[in-house]
Amino acid sequence: MRMGMASETITTRCAIAGGGPAGMMLGFLLARAGIDVLVLEKHADFLRDFRGDTIHPSTLEIMHELGLLDEFLKLPHSEVRELTGLIGEDRVVLADFSHLPTRCQFVAFIPQWDFLDFLADHAKLYPSFHLRVQADVDGLLKDGDKVVGLKAKTPDGPIDVRADLVVGADGRHSAVRDLAGLEVEDFGAPMDVLWLRLSKRPGDGAQSLGRIQAGRLFVMLDRGDYWQCAFVISKGGFNELRRQGLGAFRAAIVALNPALADRVQEIGSWDDVRLLTVKVDRLKRWYRDGLLCIGDAAHAMSPVGGVGINLAIQDAVAAANVLALPLRAGPVSVELLHKVQARRQWPTEMMQWVQLLVQKRIISNVLSMTEQPRAPFAVRLLNRYPMLRRLPARLIGMGFRPEHVHTPEAG
Ligand SMILES: Cc1cc2nc3c(=O)[nH]c(=O)nc-3n(C[C@H](O)[C@H](O)[C@H](O)COP(=O)(O)OP(=O)(O)OC[C@H]3O[C@@H](n4cnc5c(N)ncnc54)[C@H](O)[C@@H]3O)c2cc1C
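Right, let's walk through the structure included here. (Residues numbered from 1 in each chain as written. Predicted model: local features only at pLDDT ≥ 70, side-chain atom pairs only at ≥ 80, totals over all residues. Heavy atoms only, no water.)

Counted by the stated rule, this structure contains eight aromatic pairs. Summarising the aromatic geometry, the rings of Phe218 and Phe231 are spaced 6.1 Å apart at their centres and angled 70° between planes, so their arrangement reads as edge-to-face. With a gap of 13 residues between them, Phe218 in strand β15 (residues 216-222) and Phe231 in strand β16 (residues 226-234) connect regions that are remote in the sequence. Taken as a pair, Phe218 and Phe231 share a single burial class, namely buried. Between the aromatic rings of Trp346 and Phe400, the centroid separation amounts to 5.7 Å while the plane-to-plane angle is 75°, which identifies the pairing as edge-to-face. Of this pair, Trp346 sits in helix α9 (residues 334-368) while Phe400 sits in the segment after α11 (390-398), and the two are 54 residues apart along the sequence. Of the residues examined, Trp346 reaches a relative accessible area of 40% and is grouped as partly exposed. A relative accessible area of 18% places Phe400 in the buried class. If you follow Arg197 out to its NZ or CZ, it ends over the ring of Tyr226, 4.1 Å from the centre. Positioned above the aromatic ring of Tyr287 is the side chain of Arg285, whose terminal nitrogen or guanidinium carbon lies 4.9 Å from the ring centre. (Phe/Tyr/Trp six-rings, centres within 6.5 Å; stacked < 30°, edge-to-face > 60°. Helix = DSSP H or I, 4+ residues; strand = E, 2+ residues; numbered from the N terminus. Buried < 20%, exposed > 50% of the residue type's maximum accessible area, 1.4 Å probe, protein only. Lys NZ or Arg CZ within 6 Å of the ring centre and 35° of its normal.)

Below, the structure is given as structure tokens:
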């Protein structure tokens, strides 16, 4: 065997790079429709860093359409029916999910690895579903300009996977989209986010809460026995924060929420704080002959609204709806791949437009403020007229043009 040659060649209908929400949901739906599919995930399992826990009402609706909702909701989770914020001294209910026209009128907070394990366990019930972990996709197989498969590194050596369709669902740092030479439009972001954990104590209350003060934005997500905290900083500001020292960082957290004074020492070193470099971008074209990108690989989302997982799932459902039946017969046309992008581009553009507006009008302003903010008039209206809270709830909970499952379950 020559060095660099694949030690194994696999043939499948659809090869998916990345076992995140987009890749696992697409893999599940295609296998459920009887199509041979291989998901390649570079990590050994789904148990990794915090990557968001929010399963939105529209995703829960999809779980219902798949007949999996009741079982899914048996997993330990919390249900958030309202999002509240503390802007300076003003407490505002920002969104009220209880009137959404969906089966579940709440956002379910559930660790992402539990969600992915759940999808994997159910996908494995279909014989045409295959998951290969520790498979790091690092090349494309081509026949002229057409993509006909991919290459991956595994602990057992390199593999070639020949497929009628390759899907890049490998997230915001997608290797597939780079390898395919797809052009990315970068929209920029004024902030980065630091993630950390603080323990939850009796008497803390259960609701997740955002706090805005002069120059600071802090979000606490309830994860049962601890708080997952997001500390928003100006883009590139992490080094300056580190220079000021851990003591100053802990003090900044206590200033935002004095109730945390008894536990900020749990941040023992900067290793306990993870930096998320915020990116907002979108591919101009999500496909080329033989290849399609979905989820963050097609459009990295800002954390504003916590909608990235939901969009990834919606892309997967739309892709399966368009491609599943044609894929049964063999390779799919570029026109069909275009149809997937055409279906998902508008909802993605609209959501990114809202996120960019919030980043520009609210987050940038807050981060540069030196005086205590007050809730803007439009936000205070949400307190005065509770009906208005339904609008942000609809935007966050359902997004634009929610998808529904139209793929069959193969008999
Ligand atoms: C810290 C953080 C917090 C977030 N919080 C939220 C939140 O609260 N709510 C929300 O909705 N969204 C949140 N997001 C965004 C959300 O995680 C993403 O939008 C969503 O996961 C996108 O799903 P995806 O399947 O497209 O990509 P990903 O979830 O990124 O999955 C991509 C998968 O591909 C794998 N992969 C990458 N490269 C390769 C390769 N070369 N070969 C094989 N596999 C590969 C990765 O290991 C990963 O499993 C957060 C993101 C981060 C980083």
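Right, let's talk about unusual backbone geometry for a bit. The backbone of Gln134 shows a phi angle near 55°, a positive value even though the residue is not glycine. Looking at the secondary structure, you find Gln134 in the loop between β8 (129-133) and β9 (136-143). For Gln134, a relative accessible area of 40% gives the class partly exposed. Notably, Arg401 is not glycine yet its phi reads approximately 50°, a positive angle. With respect to the secondary-structure elements, Arg401 resides in the segment after α11.

Let's shift gears to the pairing of strand β14 (residues 209-213). With five of five residues buried, β14 lies mostly within the body of the structure. What you see with β14 is no split at all: Leu209, Arg211 and Gln213 on one side and Gly210 and Ile212 on the other are buried throughout. As paired elements, β14 and β15 share five bridges and run antiparallel to each other. Residue pairing in the sheet places Gln213 in a bridge with Arg216 of β15. Here β14 folds back onto β15 in antiparallel fashion, the turn holding two residues, of which Gly215 has a positive phi close to 75°. (Pairing = 2+ DSSP bridges.)

Take the pattern of salt bridges next. Inspection of every chain in the model, using the stated rule, returns 20 salt bridges. Measuring nitrogen to oxygen at the nearest pair gives 3.9 Å for the salt bridge that ties Lys153 to Asp138. With Lys153 in strand β10 (residues 146-154) and Asp138 in strand β9, this residue pair connects regions lying 15 residues apart in the sequence. A relative accessible area of 46% places Lys153 in the partly exposed class. The salt bridge involving Asp315 is made with Arg344; its shortest N-O contact spans 2.8 Å. Taken together, the positions of Asp315 in helix α8 (residues 308-329) and Arg344 in helix α9 put the pair 29 residues apart, joining distant regions of the chain. The exposure class assigned to Asp315 is buried, which follows from its relative accessible area of 0%. Look at the salt bridges and you will find they share partners, linking Arg201, Asp204, Asp262, Arg263 and Glu266 into a network. (Salt bridge = Lys/Arg side-chain N within 4 Å of Asp/Glu carboxyl O.)

Helical geometry: 3.6 residues make up each α-helical turn, so side chains three or four residues apart lie on a common side. Among all positions in helix α7 (residues 246-256), only Leu246, Phe249, Arg250, Ala252, Ile253 and Leu256 are buried. Buried residues in α7, looked at end-on, bunch into an arc of 155°, giving them a common side. Residues of α7 that are buried in the fold lie against β13 (191-199), β14, β15, β16 and α6 (238-244). (Arc of directions from axis to C-beta. Contact = heavy atoms within 4.5 Å.)

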